[in-house]
Amino acid sequence: METRNLIAGVWCEADDGSTFDVHDPATDDLLAAVPKVGETEVVRALDAAEAVRADWESTPIPERTTILRRIADMLVAATDELATIIVRENGKPMREARAEVAYAASFFPAAADAADRLRDEAVEVLGKCVTVRHRPVGVSAAITPWNFPLAMLAKKTAPALAAGCPQVVKPAEQTPLSAIACARIAVEAGVPAGVLSVVTGDPPAIGDAMLRHPRLRKLSFTGSTEVGRLLMRGAADRLVRLSLELGGHAPILVFDDADLDAAVRIAVAAKFRNGGQTCVCPNRFLVARGIHDAFVDRLATTVSELRSGRGQDPDVDLGPLIDDQAMRKVAEHIDDAVSMGASIVTGGGRRRIAGCVDRFPEPTVLTGCGPGMRCWTEETFGPVCPVRAFDDEAEAIALANDTEYGLASYAITNDPGRFERLASRLDSGIIGINDPVPAIAAVPFGGLKQSGIGREGGRWGLEAYLEPVTVSRVGSGRGG
Ligand code: ADP
């Protein structure tokens with residue numbers, strides 16, 4: 001397995017040889033020591049990106065998109081290897097890791113399709129010839145999180161390369177190995193030297209070096225709102241363009257016209273992906289009062305039957321949380337809710353898994369939750385379902401929107417009139433109605449309010465790496 005960095009087309013260690021360790025979150029077993037690079041290596045990667053920028057920009061779009069489609073095919077062909085890496089470094093169940101590889105691969109043809117459709121646009125103006133052209137924004141950087149280590153990279157790298165922008169990627173320190181594997185595949189697929197680099201090391205040092213580099217034009221970040229704000233401040237000096245996909249606090253609204261079994265299935269599928277460690281998973285369960293008790297009862301039974309274990313073990317539904325800090329946060333949120341009057345219907349403790357460290361919280365359902373509780377305002381990032389009853393649709397929507405976040409919302413209902421009202425009134429960038437997985441590569445993914453700026457996916461993701469340039473010409477060009 002490759003563990004080095006790819007910088008300026010060369011696989012290398014840190015200049016001073018320093019490394020940091022990557023562990024399996026289920027066992028704390030050492031997986032690899034990867035380079036801990038600093039400013040010098042980041043500058044080298046960005047200098048190389050600038051050096052090849054003009055060539056990559058002028059590579060015809062069909063040539064670039066052919067390479068992207070090849071990357072997708074090679075990612076899919078390498079599913080076993082990549083999914084194994086994801087399971088080892090992230091902990092998620094193998095089934096989910098395989099789905100992540102397919103999801104990651106799908107961003108490459110989605111970006112390629114969008115790039116193939118790019119055309120100059122003519123604007124009718126009397127006496128002038130005006131066109132709007134799409135120009136690559138220039139050298140770009142990406143900083144990605146650990147919860148979907150391959151897919152988050154693909155979401156950023158595919159549109160960057162399709163648009164003609166070289167990119168330097170910094171994966172999360174917990175999960176750098178799938179990013180390195182993806183870079184190896186990109187090189188084999190024909191991405192020229194310098195167009196894609198992967199650097200690993202101290203996050204603030206790398207982020208600063210990126211934002212200070214005179215040729216960096218664009219940074220795409222997925223992670224916490226707190227770090228997003230910090231990067232936005234850092235980007236101000238040089239007006240680096242930003243795409244920020246930040247935290248979420250998704251509501252899921254369960255109406256009394258829903259089929260209860262379907263509602264529980266959808267809610268569990270939305271909530272428990274990656275053990276509840278996703279920015280789009282429901283954090284607030286709003287349930288119509290008339291079905292509240294029956295829904296909670298079935299939800300509690302279903303989640304208590306979810307099986308915990310190492311991601312590579314068969315039939316596992318929930319892997320470990322990513323680290324001890326994540327465990328502490330889950331316990332704190334449960335304790336805080338209980339101290340404020342919530343009741344534990346199921347869970348609340350930890351599961352011991354043979355041969356593993358203590359990182360497996362019980363799937364938990366809390367009732368009587370609401371404003372003022374930490375689980376109601378902060379992302380728990382764990383397998384906790386805080387539930388609250390509502391009386392009518394207006395109250396449900398008001399409660400759903402009562403958050404500074406606006407990434408995803410879910411609703412379970414069979415009332416067609418309600419579909420339309422929810423679609424226009426829920427304040428979030430992604431709305432899933434009876435759909436636990438509304439995010440696909442061809443459509444925009446991103447948040448309102450404090451959940452971020454910009455969109456990834458489809459042509460919207462491509463546009464994040466393009467600048468519209470207006471060319472207005474007067475005269476025929478024949479001296480008249
Ligand atoms: P999480 O809490 O989910 O780990 P973070 O926002 O801390 O979310 O991390 C997301 C990504 O941002 C990771 O790649 C991490 O290394 C990186 N990161 C964290 N802090 C900084 C920083 N100060 N500058 C640049 N990148 C950072």
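Here's what I pulled together on the structure shown here. In this text the structure is predicted, and so the values were computed from the model without any measurement.

Basis of the calculations
- Residues numbered from 1 in each chain as written.
- Predicted model: local features only at pLDDT ≥ 70, side-chain atom pairs only at ≥ 80, totals over all residues.
- Heavy atoms only, no water.
- Phe/Tyr/Trp six-rings, centres within 6.5 Å; stacked < 30°, edge-to-face > 60°.
- Helix = DSSP H or I, 4+ residues; strand = E, 2+ residues; numbered from the N terminus.
- Buried < 20%, exposed > 50% of the residue type's maximum accessible area, 1.4 Å probe, protein only.
- Salt bridge = Lys/Arg side-chain N within 4 Å of Asp/Glu carboxyl O.
- Pairing = 2+ DSSP bridges.
- Axes fitted to C-alpha atoms, helices over the stretch in contact; angles between N-to-C directions.
- Core = buried A, V, L, I, M, F, W, Y, C linked by side-chain atoms within 4.5 Å.
- Domains from an automatic or database assignment.
- Contact = heavy atoms within 4.5 Å.
- Parallel < 35°, antiparallel > 145°, perpendicular 65-115°, else oblique.
- Left-handed = near helix turned anticlockwise from the far one by under 90°.
- Polar contact = N/O pair within 3.5 Å; in protein donor to acceptor, adjacent residues only side chain to side chain.
- Near = heavy atom within 4 Å.
- Areas by Shrake-Rupley, 256 points an atom, 1.4 Å probe, with all protein chains shown as cover.
- Nonpolar A, V, L, I, M, F, W, Y, C, P; charged D, E, K, R; others polar.

### Examining the packing of aromatic side chains
The description of two aromatic rings rests on the distance between their centres and on the angle between their planes.
Then, in step 1: In total, this model carries 3 aromatic pairs according to the counting rule given.
Then, in step 2: Between W146 and F381 the ring centres are 5.8 Å apart and the planes differ by 85°, which places this aromatic pair in the edge-to-face class. Here W146 is found in the loop between β7 (139-143) and α5 (151-163), whereas its partner F381 is found in the loop between α12 (374-377) and β16 (384-390), with 235 residues between them in sequence.
Then, in step 3: We classify W146 as buried; its relative accessible area is 14%.
Then, in step 4: Note on F381: relative accessible area 19%, which makes it buried.
Then, in step 5: For the ring pair F255 and F390, a centre distance of 5.4 Å and an interplane angle of 65° mean the geometry is edge-to-face. With F255 in the loop between β12 (250-254) and α9 (260-271) and F390 in strand β16, this pair connects stretches of sequence that are 135 residues apart.

### Brief notes about the pattern of salt bridges
Then, in step 1: On inspection of all chains with the given rule, the structure shows 30 salt bridges.
Then, in step 2: Here R44 makes a salt bridge to D15, at a shortest N to O gap of 2.9 Å. Highlighted residues: R44 in helix α1 (residues 39-58) and D15 in the loop between β2 (10-12) and β3 (19-23), separated in sequence by 29 residues.
Then, in step 3: A residue is classified by how much of its surface remains accessible, and D15, at 46% relative accessible area, is partly exposed.
Then, in step 4: The closest approach of N and O atoms between R212 and E39, which form a salt bridge, is 3.1 Å. With R212 in helix α7 (residues 203-212) and E39 in helix α1, this pair connects stretches of sequence that are 173 residues apart.

### Section: the sheet that holds strand β6 (residues 128-136)
Then, in step 1: What the 3 strands build is an open sheet, ordered β5-β6-β20; its pairing is antiparallel. Because the sheet does not close on itself, it has two edges, and the strands there are β5 (121-125) and β20 (466-473). The sheet shows a mean angle of 25° between the axes of neighbouring strands, direction not considered.
Then, in step 2: In terms of strand pairing, β5 meets β6 through 5 bridges, oriented antiparallel. When the sheet's bridge partners are listed, A122 is paired in β6 with T131.

### With respect to the nonpolar core
If you look at soluble globular proteins, the nonpolar side chains tend to sit buried side by side.
Then, in step 1: I71, L253, F295 and L299 are the most contacted members of the largest nonpolar core, which totals 127 residues.
Then, in step 2: The greatest single-element share of this core, amounting to 12 residues, is contributed by helix α4 (residues 94-116).
Then, in step 3: The residues that make up this core include at least three from each of domain 1 (5-246 + 451-470) and domain 2 (250-433).
Then, in step 4: When neighbours within four sequence positions are excluded, L299 is seen to be in contact with V264, V268, F285, V365, C385 and V387.
Then, in step 5: Counting residues in hydrophobic clusters, the runner-up holds 26 residues, among them C12, A45, V139 and L219.

### Let's talk about the packing of α4 against α5
Then, in step 1: At their nearest, the axes of α4 and α5 sit 8 Å apart, and the two run at 15° to each other. One element, α4, and the other, α5, form an angle in the roughly parallel class. When the axes of α4 and α5 are compared, the crossing they make is right-handed. Across the interface between the two elements, E100, Y103, A104, F107, F108, A111 and A115 from α4 touch A151, A154, K155, A158, P159 and A162 from α5.

### Remarks on the sheet that holds β16
Then, in step 1: Strands sit in the order β14-β15-β16-β13-β12-β17-β18 across an open sheet of 7 strands; the sheet is mixed. Of all strands in the sheet, those with a lone pairing partner are β14 (343-346) and β18 (430-433), marking the two edges. Neighbour to neighbour, the strand axes of the sheet diverge by 25° on average, direction disregarded.
Then, in step 2: Sheet topology places strand β13 (residues 282-288) next to β16; 4 bridges connect them, and they run parallel. Looking at β16, one finds that A288 is bridged to F390.
Then, in step 3: Seen against the sheet, helix α10 (residues 289-304) touches β12, β13, β14, β15 (364-367) and β16 and runs at an angle of roughly 140° to β13.

### A word on the environment of R88
Then, in step 1: By the element assignment, R88 lies in helix α3 (residues 79-90).
Then, in step 2: In this structure, the C-alpha to C-alpha distance between R88 and T175, residues 87 residues apart in sequence, is 9.0 Å.
Then, in step 3: Excluding anything up to four places from it in sequence, R88 contacts H23, D24, P25, L31 and Q312.

### Some details on unusual backbone geometry
Then, in step 1: If you check the backbone angles, A8 has positive phi at about 55° while not being a glycine.
Then, in step 2: Structurally, A8 can be placed in the loop between β1 (5-7) and β2.
Then, in step 3: A relative accessible area of 28% places A8 in the partly exposed class.
Then, in step 4: The backbone of F381 shows a phi angle near 55°, a positive value even though the residue is not glycine.

### Focus: the side chain of K92
Then, in step 1: Residue position: K92 is located in the loop between α3 and α4.
Then, in step 2: You can call K92 buried: its relative accessible area is 2%.
Then, in step 3: In terms of polar contacts, K92 uses its side chain to reach the side chain of E100, at 2.6 Å.
Then, in step 4: Reaching out from K92, the side chain makes a polar contact with the backbone oxygen of N147 at a distance of 2.9 Å.
Then, in step 5: If we ignore the near neighbours within four places in the chain, the residues touching K92 are I86, V87, A97, E100, N147, F148, N274 and G311.

### Some words on the environment of F419
Then, in step 1: Following the sequence through the fold, F419 ends up in helix α14 (residues 416-425).
Then, in step 2: Residue classification places F419 among the partly exposed positions, given a relative accessible area of 32%.
Then, in step 3: Measuring from C-alpha to C-alpha, the distance between F419 and I143 comes to 36 Å, with 276 residues separating the pair along the chain.
Then, in step 4: With sequence-adjacent residues up to four places away left out, F419 is seen in contact with T413, N414, I433 and N434.

### Details of the site of the ligand
Then, in step 1: Lining the immediate surroundings of the ligand are 17 residues, of which T144, W146, K170, E173 and S224 lie closest.
Then, in step 2: Between the ligand and the protein, one listed contact pairs an oxygen atom with a side-chain N or O atom of E173 at 2.6 Å.
Then, in step 3: Relative to its unbound accessible surface of 550 Å², the ligand loses 79% to contact with the protein.
Then, in step 4: Mapped by element, the contributors of at least two residues to the shell around the ligand are α7, β10 (216-222) and α8 (225-236).
Then, in step 5: Taken together, the residues that form the shell around the ligand break down as 10 nonpolar, 5 polar and 2 charged.

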